[in-house]
Every structure is written in structure tokens, then in C-alpha cells.
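# Close look at the chain arrangement
Listed here are the chains, written in short residue letters.
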Amino acid sequence: MTFINKLSAAWAANDSLLCVGLDPDMAKLPAQFQNDPQGIYHFCREIIDATADLACSFKPQIAYFAALSAEDQLQQICDYVREHYPHIPLILDAKRGDIGATARQYAREAYDRYGADAVTVNPYMGFDSVEPYMEWRERGVIILCRTSNAGGSDLQFLDVGGKPLYQHVAQLVSQKWNANGQCALVVGATFPEELAQVRAIVGDMPLLVPGIGAQGGDIAATVKSGRTTSGAGMMINSSRAILYATPTPGEDFAMAARRVAEETRGAINQYR
């Protein structure tokens, strides 16, 4: 099954546009995981189990694992998702950007080592830095377009032939680069007007949308700006707000994560 087909099926099966980000920060993990050599794996596994029926995708961020020499635990997590929830797309958030043979090695890392259904990449070096990922014809390539951070405007708003660079990227990806039909774009929830403009350019192409939750993006504006005519088309990511939800009396961390994920999915669906 292709990435796009798998994602479309997950949107429908779980009635969800929510992407659960896996960004394990040891300083924020519950106490029982602090001294556990496999603590990152065990924590993320609990989050996955608690939210799997509420999510359209899972998105581990590789830096949180690599900084702690926990790539083996990341691999275990990816294996766990593929074994227990094979119907939910697994996105490796790596934002890789390099050319030729080096890009091909990054693609092997994402698709062969970790078994990801899709990987995030940076288009700054042009098409030959993205093309090697497309050798895996059924896997997704999610390309940075209009990012959720304020500093993204330093480059993404530069004028390119009468339009901002991020719109030029959206046109390139949707009209020229998407030969396999498995591309998507990263567009931040913190800029709903630009999100709407990207949607108008790319049609029904999926959008990975960070920026709600801890980053403060407005859910109503995000959904209204980025949804397709069918009420889908987005993977709206929330990481910290779900992972580190404050338990209420009688809850543990996983129950709190599930509660916030369910509330977030409900808020998204309200505006679909």
C-alpha cells in the first residue's frame, strides 16, 4: 500500500486528522522512566497504545532520539508501530537535505532502517536533493514549505518572480516533483492565511501541519484553511501537549495523553 493510500484509509478508519508527534524529552518523562535504560521506548510505546485509535499518523522526531544515542530505541518504536498498528502511517521527522549519494543514504535510513512510510525533507538544495527519496516509489516525501517558526519568514517570504518562495515551492512540488504521487508539504498552523494559499495551489495534496498545542496555532483557523473539499487532507500534529499532558486525579500519564488526544481530535473534527 502506498503512503497516500494508507493515510487516506487512516483518516477514514479513525475519523481523525490528528498526527501524534513522538518527541521524548528525558527531563519531562514520568519518574518511572528516568532510570530505565529502555525508558524512551517504554514511554513512547505507552503513548502509542493510548492514542492509536485517535491518530491518523505517528511522527517520531529523530533528533530527540539521536541526541541521547537512542536510535536503537527509535528503531524498536518504529518496529512496534509497524507490528501492532500497521494501518497507521509512520512519519520520520528528519528534515534531511543533501544531494546525490548522501541523500540516498538518508533515504535508506528512513525507509529501510526505520521502515517509515514517509520522511520530512528540506528542499533548499533543489530537486536533486529530493529525487533519491522517490526511488522508493510507494513511500512518502514530505517537503518543507511554510514552516511554523517565526524565523521561517527570513527565507520563505523572499520574492521569487512575483510570489513568495514558499508558494514557489508549493508549485514546484505539486506540478513538477510529484511524479510518484506520494509527496506532501509541511505548512504551519501558525500561519492560516498562508496555509489557505498553499491549499489553493496544491489541490488535494496532503499537508503535515505542525503548530497547534504548545505552539499556539488556532485549530478552527487551521482546519478551515487547510482542509480539502472532502474534509480531510491534513495531518495536524501535536507533540508536547499530548505527550506531557498533566494528569487529573485518577489518571496516569498515558490516560492524560489519551484524554488530550481525544479532545484535540474532537476539536479538529468540529470544523471539518
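Residues numbered from 1 in each chain as written. Predicted model: local features only at pLDDT ≥ 70, side-chain atom pairs only at ≥ 80, totals over all residues. Heavy atoms only, no water.

### A closer look at the packing of helix α8 (residues 165-177) against helix α9 (residues 192-202)
We apply this condition: Between N-to-C directions, angles span 0 to 180 degrees; the directions come from axes that are lines fitted to C-alpha atoms, helices contributing only their stretch in contact. By definition, any uninterrupted DSSP run of H or I lasting at least four residues is a helix, any uninterrupted run of E lasting at least two residues is a strand, and each is numbered from the N terminus. Here roughly perpendicular refers to angles of 65 to 115 degrees, roughly parallel to angles under 35, roughly antiparallel to angles over 145, and oblique to all remaining angles. For any pair of crossing helices, the crossing counts as left-handed if the nearer helix is rotated counterclockwise from the farther one by less than a right angle, and right-handed if it is rotated clockwise. Residue contacts follow a heavy-atom distance rule, with two residues in contact if any of their heavy atoms lie within 4.5 Å.
Packing of α8 against α9 leaves a shortest axis separation of 9 Å and a crossing angle of 25°. Taken together, α8 and α9 sit at an angle that is classed as roughly parallel. Crossing hand, α8 versus α9: right-handed. Residues Y166, Q167, A170, Q171 and S174 of α8 touch α9, and the partners they reach there are E194, Q197, V198, I201 and V202.

### Here we look at the packing of α9 against helix α10 (residues 219-226)
Relative orientation and spacing of two packed helices are given, respectively, by the angle between their axes and the distance between those axes. What counts, and what does not: Gly is placed with the polar residues, together with every amino acid not listed as nonpolar (Ala, Val, Leu, Ile, Met, Phe, Trp, Tyr, Cys and Pro) or charged (Asp, Glu, Lys and Arg).
α10 packs onto α9 with a crossing angle of 15° between their chain directions and a minimal axis gap of 8 Å. By the criterion of interaxial angle, the relationship of α9 to α10 is roughly parallel. Here α9 and α10 pass one another in a crossing that is right-handed. Facing P192, L195, A196 and R199 of α9, the residues of α10 in contact are A221, T222, S225 and G226. For the contact of α9 with α10, the per-class residue count stands at 4 nonpolar, 3 polar and 1 charged.

### Comments concerning the pairing of strand β3 (residues 91-96)
Consecutive side chains of a regular strand alternate in pointing toward one face of the sheet and then the other. Short version of the rule: The rule is simple: take the accessible area with a 1.4 Å probe, protein chains only, and divide by the maximum for that residue type; under 20% is buried, over 50% is exposed, in between is partly exposed. Strands qualify as paired when DSSP identifies two bridges or more between them. By definition, the crossover connecting two strands over a helix is right-handed if that path, from the first strand to the second, turns clockwise as seen with the strands pointing away from the viewer.
The buried count for β3 comes to 5 of 6 residues, which makes it a mostly enclosed element. Direction of pairing for β3 relative to strand β4 (residues 118-121): parallel, over a ladder of 3 bridges. Within the sheet, the bridge partner assigned to I91 lies in β4 and is A118. The parallel pair β3 and β4, bridged by helix α6 (residues 100-113), forms a crossover whose chirality is right-handed.

### Notes on the packing of aromatic side chains
Put simply, the test is: Ring geometry is summarised as follows: Phe, Tyr and Trp rings, the Trp one being its six-membered ring, pair when their centres sit within 6.5 Å, and such pairs are stacked at plane angles under 30 degrees, edge-to-face over 60 and tilted between the two.
Throughout the structure, instances matching the rule amount to 10 aromatic pairs. Their ring planes at 85° and their centres at 6.4 Å tell us that Y41 and Y80 sit as a pair that is edge-to-face. Here Y41, found in helix α3 (residues 39-51), pairs with Y80, found in helix α5 (residues 71-84); they are 39 residues apart in sequence, far enough to count as distant. Taking the relative accessible area as the measure of exposure, Y41 reaches 11% and is therefore buried. Ring geometry for F43 against Y244: centres 6.1 Å apart, planes inclined by 5°, an arrangement best described as stacked. Of this pair, F43 sits in helix α3 while Y244 sits in the loop between α11 (240-243) and α12 (253-269), and the two are 201 residues apart along the sequence. For Y244, a relative accessible area of 19% translates into the label buried. By way of ring pairs, the aromatic residues F33, F43, Y244 and F253 are connected into one cluster.

### Here we look at unusual backbone geometry
If a residue is not glycine, its phi is most likely negative; likewise, a peptide bond is most likely trans. One non-glycine residue with positive phi stands out, namely D15, at about 45°. The residue D15 is located in the loop between α1 (3-13) and β1 (18-22) in this model. Look at D15 and you get partly exposed, because its relative accessible area is 42%. Phi is positive for S69, close to 55°, though the residue is something other than glycine. Topologically, S69 is positioned in the loop between α4 (62-66) and α5. S69 gets classed as exposed once you look at its relative accessible area, which sits at 63%.

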